[in-house]
Amino acid sequence: DLLTTAAILGLAVLGCTLLSRALTWGVWAYSDSAEYIVSARMLVAGRGLGTPSADGGFMFLSLHPPFYPLVISLFLLFGIDPLDALPVFNLTLFVVTILLSGGLIYYLTRNPLLSISCCALVMLPPTMLRNFDGAMTEPLYIPLSIVGTLLLAWYWQQPRRRLVIAAGMIAGLAGLVRYTALALLAAGVLCILLTRRPLRPRLK
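These numbers come from a predicted model, not from an experiment. (Residues numbered from 1 in each chain as written. Predicted model: local features only at pLDDT ≥ 70, side-chain atom pairs only at ≥ 80, totals over all residues. Heavy atoms only, no water.)

Chemist: What am I meant to see in the confidence of the model for the chain here?
Modeler: Reading fine detail from the predicted coordinates is not recommended where pLDDT is low. Mean pLDDT over the chain works out to 91, with 100% of the residues at or above the 70 mark. Across the chain, the secondary-structure element scoring lowest on mean pLDDT is helix α10 (residues 199-203), at 77, and the one scoring highest is helix α3 (residues 67-77), at 96. (pLDDT = per-residue confidence, 0-100. Helix = DSSP H or I, 4+ residues; strand = E, 2+ residues; numbered from the N terminus.)

Chemist: When you look at the packing of helix α4 (residues 82-109) against helix α5 (residues 112-123) in this model, what are you seeing that I'm missing?
Modeler: One can describe the packing of α4 onto α5 by two numbers: an axis separation of 8 Å at closest approach and a directional angle of 160°. What the angle tells us is that α4 and α5 run roughly antiparallel. When the axes of α4 and α5 are compared, the crossing they make is right-handed. For the pair formed by α4 and α5, the contact residues are Phe-94, Thr-97, Ile-98, Ser-101, Gly-102, Ile-105, Tyr-106 and Thr-109 on the first element and Pro-112, Leu-114, Ser-115, Cys-118, Cys-119, Val-122 and Met-123 on the second. (Axes fitted to C-alpha atoms, helices over the stretch in contact; angles between N-to-C directions. Parallel < 35°, antiparallel > 145°, perpendicular 65-115°, else oblique. Left-handed = near helix turned anticlockwise from the far one by under 90°. Contact = heavy atoms within 4.5 Å.)

Chemist: What is the right way to look at the packing of aromatic side chains in this model?
Modeler: How two aromatic rings sit relative to each other is set out by the distance from centre to centre and by the angle between their planes. A full pass over the atoms with the stated rule returns 5 aromatic pairs. Against the face of Trp-28 rests Arg-130, its NZ or CZ located 4.6 Å from the ring centre. In this arrangement the basic side chain of Arg-178 is found over the ring face of Tyr-141, its NZ or CZ atom lying 5.5 Å from the centre. (Phe/Tyr/Trp six-rings, centres within 6.5 Å; stacked < 30°, edge-to-face > 60°. Lys NZ or Arg CZ within 6 Å of the ring centre and 35° of its normal.)

Chemist: Sorry if this is basic, but what is going on with the pattern of salt bridges here?
Modeler: Pairing is possible between side chains that carry opposite charge, provided their charged atoms lie close to one another. In this structure the tally under the stated criterion is 2 salt bridges. For Asp-81, the salt bridge is made with Arg-41, and the minimal N-O distance between the two is 3.4 Å. Of this pair, Asp-81 sits in the loop between α3 and α4 while Arg-41 is found in helix α2 (residues 31-44), placing the two residues 40 residues apart along the sequence. Asp-81 gets classed as partly exposed once you look at its relative accessible area, which sits at 32%. Exposure remark for Arg-41: the relative accessible area of 37% places this residue in the partly exposed category. (Salt bridge = Lys/Arg side-chain N within 4 Å of Asp/Glu carboxyl O. Buried < 20%, exposed > 50% of the residue type's maximum accessible area, 1.4 Å probe, protein only.)

Chemist: Would you mind showing me how to read the side chain of Ser-33 here?
Modeler: The topology assignment puts Ser-33 in helix α2. Classification of Ser-33 as buried rests on a relative accessible area of 1%. Beyond its immediate chain neighbours, meaning those up to four positions away, Ser-33 contacts Trp-28, Ala-135 and Met-136.

Chemist: Even after reading the chapter, I still don't get the side chain of Ser-53, so can you show me in this structure?
Modeler: Relative to the helices and strands, Ser-53 resides in the loop between β1 (50-52) and β2 (58-60). For Ser-53, the side chain forms a polar contact with the side chain of Asp-55, separated by 2.4 Å. Reaching out from Ser-53, the side chain makes a polar contact with the backbone nitrogen of Gly-57 at a distance of 2.9 Å. In contact with Ser-53, other than residues within four places in its own chain, are Phe-58 and Met-59. (Polar contact = N/O pair within 3.5 Å; in protein donor to acceptor, adjacent residues only side chain to side chain.)

Spelled out as structure tokens, the structure:
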């Protein structure tokens, strides 16, 4: 309804304001951040995803999944420094996460209080703001994992093949951001097997 939509939009604006203040001086960066950014620079330079080694060689990226450095490389292709682009990128993903969380929860439950509470849980905890104000994988991983989980919940209510395909694609992308997201694929298999449908369609 109109009031629920207005409340979700209002929380998204408030979340945008809070994160904007946290990003006043840009994103923070840690050791993993350097590997992501350097790997992206190496890719744009034509050497592939990886980092220079101490002996002057080249080590391909193996400890971390590749999708986040690939995203950073897109900024470099357009001549934008990642440390300039990531504050806007993170802010956009934070707002999208709030809107999608509240919107999908409302669509699935038709419960205004639950959807607004979900938006507040995404927006208010200091830990969530901390996850979105750095040059790390969380700003990309969190919305993908939330959307993938909610698509599985939607599939549980309405067992349509396109929903489980979409959930699988989202979970696959999340797994290319952080390996822990591969648990979403296992959850999807269990969700399919436990739905109240004949066995053959479930296996298919």
